[in-house]
Amino acid sequence: QVQVVESGGGLVQAGASLRLSCAASGRTFSSYGMGWFRQAPGKEREFVSAITYNGRSTTYADSVKGRCTISRDNAKNTVALQMNSLKPEDTAVYYCATHRRPFYPSTSALKDRNDYDYWGQGTQVTVSS
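Residues numbered from 1 in each chain as written. Predicted model: local features only at pLDDT ≥ 70, side-chain atom pairs only at ≥ 80, totals over all residues. Heavy atoms only, no water.

Draft legend 1. Fine view of unusual backbone geometry. Unlike most non-glycine residues, S85 shows phi in positive territory, near 50°. Within the secondary structure, S85 is located in the loop between β8 (78–83) and β9 (92–102). Relative accessible area serves as the criterion here: at 43%, S85 is assigned to the partly exposed category. Positioned with a positive phi, F103 is a non-glycine residue whose angle comes to about 55°. Mapped onto the elements of the fold, F103 is located in the loop between β9 and β10 (116–119). (Helix = DSSP H or I, 4+ residues; strand = E, 2+ residues; numbered from the N terminus. Buried < 20%, exposed > 50% of the residue type's maximum accessible area, 1.4 Å probe, protein only.)

Draft legend 2. The arrangement of the packing of aromatic side chains in detail. What the rule picks out here adds up to six aromatic pairs. Judged by centre distance (5.0 Å) and plane angle (80°), the rings of F37 and Y116 are edge-to-face. Of this pair, F37 sits in strand β4 (residues 32–39) while Y116 sits in strand β10, and the two are 79 residues apart along the sequence. On the accessibility criterion, Y116 (4% relative accessible area) is buried. With a centroid separation of 5.3 Å and 85° between ring planes, the pair formed by Y53 and F103 is classed as edge-to-face. With Y53 in the loop between β5 (46–51) and β6 (58–60) and F103 in the loop between β9 and β10, this pair connects stretches of sequence that are 50 residues apart. Among the aromatic residues, ring-to-ring pairing joins F37, F47, Y95, Y116 and W119 into one connected group. The positively charged end of R45 is found above the aromatic ring belonging to Y95, 3.6 Å away from the centroid. Directly above the ring of W119 sits R45, whose terminal nitrogen or CZ lies 4.9 Å from the centroid. (Phe/Tyr/Trp six-rings, centres within 6.5 Å; stacked < 30°, edge-to-face > 60°. Lys NZ or Arg CZ within 6 Å of the ring centre and 35° of its normal.)

The structure is reproduced here in structure tokens:
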């Protein structure tokens, strides 16, 4: 059984930084791309960032580009999202997910949440102004 567990959320002031972590088990972690999505109250779940299975390519939503960095450690089965210069509009529940296709080399299909099959329970990020 595949399990995905996020951690690292919290309440911070605007301009602060947070590092979200995600641990996955039950699947060969190093074979699958990983993604971060977020969902604010009353809004649809949206793409934030993703990384290919081998960590060689990353992609970001325009809203976080330049402020966030995604990384993965295949030896530890973890993926992280470093978020800097946080804004109130970043407030949301952040979800980590595993891509359904192994060894997918491109980031082109990593932005569609329908291409992810296992999700974590989410971690709350709240940014106050």
